[in-house]
Amino acid sequence: MNKLDVLLGVNIDHVATLRQARKTTYPNVLDAALLAEQAGADGITAHLREDRRHIQEHDIFALKEHIATRLNLEMAVTESMLAFADKVRPQACCLVPEKREELTTEGGLDVISGGSTLHSACDFLADLGIQVSLFIDPDLAQIDAALKARVPVIELHTGCYAEAITPQQRTLELARLQTAARYAHAAGLQVNAGHGLNMLNVQPICAIPEIVELNIGHAIIAQALFLGMFNAVKELKQLITRAK
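For clarity, every value in this text was computed on a predicted model and none was experimentally measured. (Residues numbered from 1 in each chain as written. Predicted model: local features only at pLDDT ≥ 70, side-chain atom pairs only at ≥ 80, totals over all residues. Heavy atoms only, no water.)

Colleague: Can you walk me through the environment of Val233 in this structure?
Modeller: Turning to its location among the elements, Val233 is positioned in helix α11 (residues 229-242). The class for Val233 is buried, based on a relative accessible area of 0%. Counting along the chain gives 170 residues from Val233 to Leu63, while the straight-line C-alpha distance between them is 18 Å. Residues contacting Val233, with those up to four places away along its chain left out, are Leu8, Val10, Ala36, Ala39, Ala41 and Ile220. (Helix = DSSP H or I, 4+ residues; strand = E, 2+ residues; numbered from the N terminus. Buried < 20%, exposed > 50% of the residue type's maximum accessible area, 1.4 Å probe, protein only. Contact = heavy atoms within 4.5 Å.)

Colleague: Please clarify how the nonpolar core should be interpreted in this entry.
Modeller: As a rule of thumb, nonpolar side chains are buried together in soluble globular proteins. Within the largest apolar cluster, 76 residues are counted, with the highest numbers of intra-cluster contacts made by Val10, Ile12, Leu63, Leu134, Leu214 and Met229. With near-sequence residues (within four places) excluded, Met229 lies in contact with Val10, Ile12, Ala32, Leu35, Ala36, Ile220, Ile221 and Ala224. (Core = buried A, V, L, I, M, F, W, Y, C linked by side-chain atoms within 4.5 Å.)

Colleague: Before we go on, may I ask you to explain the side chain of Glu173 in this structure?
Modeller: Secondary-structure assignment places Glu173 in helix α8 (residues 167-186). Overall, the relative accessible area of 15% leaves Glu173 in the buried class. Look past the residues within four positions of Glu173 in its chain and what remains in contact with it is Cys160 and Tyr161.

Colleague: Looking at this structure, how should I read the sheet that holds strand β6 (residues 153-157)?
Modeller: The strands that make up a sheet are held in pairs by hydrogen bonds between backbone atoms, and each pair lies either parallel or antiparallel. If you walk around this closed barrel you meet the eight strands as β1-β2-β3-β4-β5-β6-β7-β8, and the pairing is parallel. Here the strands of the sheet are splayed against their neighbours by 25 degrees on average, with no regard to which way each runs. The pairing of strand β2 (residues 43-47) with strand β3 (residues 71-75) spans four bridges and is classified as parallel. Bridge pairing links Thr45 to Asn72 in β3. (Pairing = 2+ DSSP bridges. Axes fitted to C-alpha atoms, helices over the stretch in contact; angles between N-to-C directions.)

Structure below.
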């Protein structure tokens, strides 16, 4: 297959993390998203967590109203979040696992155990005209379960690759992602990826032919402290383009 440029979804959660640390009105999440778009972001991702530790409901409404690309709402599979998605109608929803005690999402959604509850959630969102994706580990059995849930998109969890300590571990985890992406693509799924990716480790993931989109947040926000939001996003976009 011909390799096109990988799309970049910029996750702006940690702009809100900084704001919520002092419960101020700044930094402004929407301003950060608009700068990301100006720098070449193909979409904006935000995770409205149950404990509201960073992104707030008003952030999601503002993003939906004002951004020019597309809003990807990360959310847990709960009745309250499904009702919220119905109010907002983002272009995309990525269903993720969520635990209150975790610092960040620690792994992929267990689609195999999700059963009818997960299937019903996917159908509900799809009936609203929302593109549904499932955030899963690069595991073939989880991909098979995603197919049974009738979703069009999966997002492969790249955390084990990003956190690998040795070159051998990283090579092994990269191979798992390559195999999973190839398997899912052959089955008709769009394959996205994300978690823990940064300027130093992103290019091998971009080089996987089946990867369509990356969702990256923490590394961009961290780099923005030194370069500014516009330049941090632009730098990452350039790395993605060069990896083709």
